[in-house]
Structures are given as structure tokens and as C-alpha cells.
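Results of the structural survey
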Amino acid sequence: MLSAMHEKERHCVEETLAVDTLQQRLAHGDPLAFAELYDACADRVGHYLLVRLGSREDADDTLQETFLRIARTRQELENIENLAAYVFAIARNEAARTKDSRTRRQCGQVPLSGDDLFICASDEAETDVNRAAEIIAAALGQLDDDLREVVELKTYGRLTYQQISQVTGLPQGTVATRYRSALVKMQRWFERQAQ
Amino acid sequence: MNENVETLIGTLTPCRVRAELRSRVLAAVAKELQQHDGSSGSGAGGIAPVFSSDNLASPVGTADLSTDPISIIVRPSNVAPSPLQHLPLINYFTQVGPFSYLVSALAMCIAVLAAWQYKMTDRPYRVEFVNRPSVSPDISDSVCVGHVTGADECQWGHVASAKEGRAKRNTPITISSPVSAGRQIALDSGLLEITFRSGAQVLLQGPAVFDVGDNGGFLTIGKLTGRLDKPSRQSLIPNATSPFVIQTPTAAVTDQGTEFGVEVDEDGGTTSVVFRGAVAVQTSTSVNRTGELVLHANEAARVGADLGNALTISRTNVAANYFTRNIKRGERGPIHVFGTGLGLRKGDRDPWWQVVAATGDPAFKPEPALVAPIRHYWGWNSPRGSQWVSTTLGPKNLSPRGATYTFSTSFDLSELLSDTAVLKGWCMVDDELIDIRLNGRSVAPAKNVYDATSYGCSLTLDEGFVEGINALEVEVRVGEPKESNSYNISPLGLRMELSGTASWKP
């Protein structure tokens, strides 16, 4: 049931993002187009930023900065091949800036609680879902950043290999390889924890 | 905690950002848009409308700008002149002139130096690859399971390096190269054919990423054609008796004596098509399993779609010519023959080499050769080429002096013309090389080498091959004691490296 909901939602998102006129309206500075864009991808981008930055406050600020930067550079949108990938590429850069800024300020990162890590869209099996989210987040913490980022974009951003390739600038095969390697390492970590 | 990672990922549901964030972000965006419009506006002294967040608060599609209230913010168009503008020096700095260019250049230099100080290359979003084609590939944890039997215009991609934790370019693979289980092949373009010891063949079509398994492998992305026309005689090897299976992120395609194509798209969805025979297709995870589907000739199925979604099998249509089924072969093909200890670790039993006879031991039974602990005078091992092997008969691989041991391997020339075969190699032994026999006929070098450990002996065979299975035997003797007080046991070892080609049968 949940999977079917995801699939439906995903198709809606992709369909929405695939409309060429949306990019044109964004490029012309139509505020409603930005609202459409926000509704289509804010949850995915926000979730990615939350896991990436480990702080809900930073994630919210970075999400806002992401949309502000899209608004500032909106003239480029007409020439963008994949809007979702473009949004995530900007979010990724903004997240890096936020991290750098945090490092310069020497701010410590407050660990996320289970509720912070995941806010369920559905009440179904909420406990199991939160538990799964916590386990995955813990396993992600064991990965190198280059592997971890691919999993974050794939799992939380729900991007395709092709879109991740466009976001990160890596060859598509490399993205697939890293995702596969990351899953193997996470699986090994699970098995070690079980022993 | 003993969880399946893909199962766990499949249970994740979307996370919602805080509802109040929407109005905050859209208000900021609207302000940004308005500021830009205002700055490029036509009139000085005019007013510029700014949309408030209120009119964007409703879901997209229901908002109506004509009816929703729009707040108006009056922006002053005439900015009062700065009190500093009357200062001549300030004016000079703000004028466009040579000095201002100098100031700009200095500022740029400072910015570059500052960026250097912050070590921008260490930032997490900067990704660097290590391209070291000259570095030997990682040694596999498993045995050599096949050979590369075809390659056509291959361009190699990047594979994950377990040692360095980052991607590196795939080491080029050439025809006749042995392929070990666990090896990852990233092919950006071109065709690569791997023939397993079981007789199964995989034709990779770039771009593709494929992890070689014992008999089959894992296709992460891309296309391949699998074929298992007839089991090879060499499927006597234990691992080769396992079924020929191509696994993907979403499915497992098990061969049932056939030719088939598999494609994994960027979302992990798997499309399988059968050209001849039959295959069994099933989803790869236990969750949402919807059963198994057996495909016959000219049938196709798709398992989709993405991780986290329900995995379902459905029949589909795929054009037969969508997959490449044949590779342009050279005139000669490789002989599937393996060096001693190829791709193994110390203490492993060699599946390709056996000790089949020992003199002076009536109770002797044939056994696999053992990758021996290396001795200081044996020289280095080369796991990608060959390693020292011995027996398990004596303590610490020490064998009775005076005994002769026969090491044996076999290879199949069923698809090749035996009278065109050429086999080249070299060997080192400890203590004495007594004889080398091909199909029972002595082919030992003219000069009988007493102690080959220091320089070894080369070998080139171009006759004596037979149709089908051929056997190569090497007799090694543990020498007699040179002094009366020597131990009556001594190390026994053989290291042999082999490769060969022959013309394909018409």
C-alpha cells in the first residue's frame, strides 16, 4: 500500500517537473510556478538536506536558500535538461556552504532524534518506519562521504542514477557502482551489529 | 539488527517538511523576484508590488491571483545621496579607472588565497577520482571462474575500490585474461564476452556495471546477453555446478539452458527477454514478492520499478535486436587453462590443479593441490598469474625425500581446432622437475632442470593436443638428501603459468 502511494506520488512529481512550461514560467519569474516547484520537490529536497546536514534548522534554512538561489538564477532554467536534478544540484551546493559555514563558526552538530530523522507521511506502521529510518541513518554514518551522498540522493532524494549523475557530475556507471558498494557495506555493517 | 538493507530502504516513506516552511520560503522567493523586477523596473519613483506569502499558501492549482489579496509595498525610488559622495578621495575610488582595476585585481588575489587556505579540495562536494591504470587490480577473494573470450572497442569506466573507498578506473581487460569471482567490471562502451568454466557465456554491452560471480553475476546497470548452450566438461569444478544466474537490484534470472537478454535501467528495473529455451525470473527481495515467472522463447518480462516500490513481474515486449547476441571474434580463441593457485589465497585448494599420483605411497588418493606458504628461496607469488602449490600430505607441506608427485590440470578444446593450438608457459619446481606430459606424451624441455627454483623453465607446446579434453601433467620429485645428516623430508612445490590460443572451429 505504501509502495503504491510512493509510486503514485513519484509519478505525480515527475510529471509535474516534466512540464516544459513550468521551466519557462519559472524563468520568467512567475511566483506561482515557484509554488508549484516547491510543492513538487520540497519534501524530497528537505529530506535530503535533513539527512545531509543532520539539523532540522539548518535544513530549513538551506532549503530556503536553495529556492532563493533558483529564483536568482532563474534565467538559466529554460536551458536546464532535468529540473529535478538542477534543484538537487543547487541544494547540494547550498548544503556544502552550510557545512562550511558551520565549520567556520565551529558549531557542534546536535544528533537527530528518531522523530527528527523521519516524520511519517502515514500513520501506518509508524514505529517500524521510524526504526528503519534510524537503522539506515546509523548505517549511513559508517560510510565514506562519497558513497553516503549517492545513497542519500537515491534513497531520500529519490533520484534516478541519471539524475544523480547530473547532480554530482559523476559518470552514471560510477553512480551505480557507488550505490551498489554502499549497500554492500551497509549490509555488512548490519551483519556485524547482529553478531 | 540482522536486517536486509534493501528491505529496510523499501520500508521508508516520504518525509514532509514543516508546513509553515512553505509560506516562509515562498515569501522569500517572492521578495527576491520582486526585488529583481524592481531593480530593472522602468520608472524611477514608481511602486513595485510584492506578493505576500498569503496568496501562495494554498496548494498549487487552487490559487487564484485575481481573487487573492495582494499586499503592496511601496518602495522608494529615489535614494538619498550618500553623505560621503562629496569627499574627493571616496569619489576617486568609486570611479572606473586604472586604480579601481588594481583594487579589483588585489581583491581577486586575496579571494584566491583565502580559498586555498580553506583547502577547497577537501570539501565534501568536491569529488576526485584516482586514475591509476597501471596499478594492479584488487586481488579477488574468490577463485578464477572464467576467461575473457571476446572484446570489441571496450572503453572502461570507474569501479569502486575497496582499499581506497573511492572509484577508480577499471583496469583494461584483454582477451584470454582470467576473471575472478568478485571482480567488478565497469564498461562505458563496447562489448565484452566472459566465458565461465561452466560453459556459460555473458556478453556485456556498455555502458554496464557487472560484478562477476561464481557462475553468473550481478548486473547493476546496463545490458547483457547470457548463454548456456551446453554444460562444459569442466563443470566438474565444484563451483561451476551451481546454476547460471544473473542477479540485478530487483530480480534474479536463472538460466534453464537457453540464450537470453537482461537489461537493468537506471531505476533498477529489470527487463528479461528469452531468445531460445527458458529462464526463471523472480523478484530479488522477500518483501512484496509476487512469485516467479518462467519465460520461454520470444517472451519477455519486466520486474520493476525502483527500490522502495513494490516489485512486480509483468510480461512485456522487447525487440529481439535490442540486445547484441554475438561479438566479432578474432581468428583465434583462448584456451581455458589456468596457472597454479590463480586468484587464490594461501591455504586454498586449487580447483584447477590436482595431485594425482605419488610414488611410494600405495594409499595415496588424488587431491586438489594446495596454495603453499611461500619459502624464502621460492621467489614471489603472483596471484593474478600463478602461485606455488604443494600437497597436504606431509607436515607443513614437507614431503618424504625420494618421492615423486604428479600435478595435473585439464582444459577443453571442444570449440577450438586442436591441431592449431599453441600453449605457452613456464614453471618452477622444488626440488626436481622430472617430466611434463601432454595427454600422456612427454613434452619436457630438452634440458632436464634439477633445481628450477632459481630460474624456472619455459615451455611452448604446439603439438600433441587432442579434440575435447586435454590433460597436462607435471612430475616433481623431492630430491634425495645431499648430506647424510639432512632431514628425510623436504619442501615440495610447483608454480606454473600457462596461456594459449587456437583457431575457432568453423
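Nothing here was measured: the structure is a model prediction, and the numbers come from that model. (Residues numbered from 1 in each chain as written. Chains lettered and ligands numbered in written order. Predicted model: local features only at pLDDT ≥ 70, side-chain atom pairs only at ≥ 80, totals over all residues. Heavy atoms only, no water.)

1. Observations regarding the overall build of chain A
When helices and strands are tallied, chain A shows 10 helices and zero strands. Expressed as a percentage of its 195 residues, the buried residues of chain A come to 60%. A sequence separation of at least 24 residues applies to 65% of the contacts in chain A between residues at least 6 apart. Surface summary for chain A: the accessible area is close to 8100 Å², and the carbon and sulfur share equals 45%. (Helix = DSSP H or I, 4+ residues; strand = E, 2+ residues; numbered from the N terminus. Buried < 20%, exposed > 50% of the residue type's maximum accessible area, 1.4 Å probe, protein only. Contact = heavy atoms within 4.5 Å. Areas by Shrake-Rupley, 256 points an atom, 1.4 Å probe, with all protein chains shown as cover.)

2. Observations concerning the nonpolar core
Of all hydrophobic cores here, the largest spans 70 residues; its most connected members are Y38 and M186 of chain A. Per element, the largest residue contribution to this core is 13 residues, and it comes from helix α3 (residues 31-53) of chain A. In contact with M186 of chain A, other than residues within four places in its own chain, are I136, A139, L140, L143 and V151 of chain A together with V5 of chain B. (Core = buried A, V, L, I, M, F, W, Y, C linked by side-chain atoms within 4.5 Å.)

3. A word on helix α4 (residues 56-72) of chain A
All names here are of chain A. Over its 17 residues, α4 runs 24 Å from end to end, which matches the ideal 24 Å to within 8%, given 1.5 Å per residue. Burial runs high along α4: 12 of the 17 residues are buried. By the burial criterion, the buried members of α4 are R56, D58, A59, D60, T62, L63, Q64, T66, F67, L68, I70 and A71. (Expected span 1.5 Å × (residues − 1).)

4. So, the pairing of strand β8 (residues 201-213) of chain B
Residue and element names in this part refer to chain B. When you tally the buried positions in β8, you get 11 out of 13 residues, the bulk of the element. Both strand β7 (residues 184-196) and β8 contribute to a ladder of nine bridges, which runs antiparallel. In the sheet register, L187 faces β8, and the bridge partner there is A208. In this antiparallel pair of consecutive strands, β7 and β8, the connection spans four residues, and G199 shows a positive phi of 100°. Where β8 meets strand β9 (residues 216-227), 10 bridges bridge the pair, whose relative direction is antiparallel. Residue pairing in the sheet places F210 in a bridge with L219 of β9. (Pairing = 2+ DSSP bridges.)

5. Examining the pairing of strand β11 (residues 251-255) of chain B
Residue and element names in this part refer to chain B. Among the five residues that make up β11, four are buried, leaving the element largely enclosed by the rest of the structure. Bridging between strand β10 (residues 245-247) and β11 involves three bridges; their strand directions are antiparallel. Looking at β11, one finds that I246 is bridged to V253.

6. Focus on the packing of helix α9 (residues 161-168) of chain A against helix α10 (residues 172-194) of chain A
Packed helices, taken two at a time, are described by the angle between their axes plus the distance between the axes. Residues and elements named next belong to chain A. In contact at an axis separation of 8 Å, α9 and α10 are set at 105° when each is read in the N-to-C sense. Of the possible angle classes, the one that applies to α9 and α10 is roughly perpendicular. Counting all contacts with α9, which are made through Y161, Q162, I164, S165 and T168, the residues of α10 involved are Q172, V175, A176 and Y179. Of the residues in the contact of α9 with α10, the class split is five nonpolar, four polar and no charged. (Axes fitted to C-alpha atoms, helices over the stretch in contact; angles between N-to-C directions. Parallel < 35°, antiparallel > 145°, perpendicular 65-115°, else oblique. Nonpolar A, V, L, I, M, F, W, Y, C, P; charged D, E, K, R; others polar.)

7. A word on the confidence of the model for chain A
Residue and element names in this part refer to chain A. Summing up the model confidence of chain A, the mean pLDDT is 77 and the portion of residues at 70 or higher is 76%. Put simply, helix α1 (residues 2-17) is where chain A has its lowest mean pLDDT, 47, and α4 is where it has its highest, 90. Confidence over residues 113-125 falls short of pLDDT 50; this stretch has 35 contacts with residues more than four positions distant or in other chains. (pLDDT = per-residue confidence, 0-100.)

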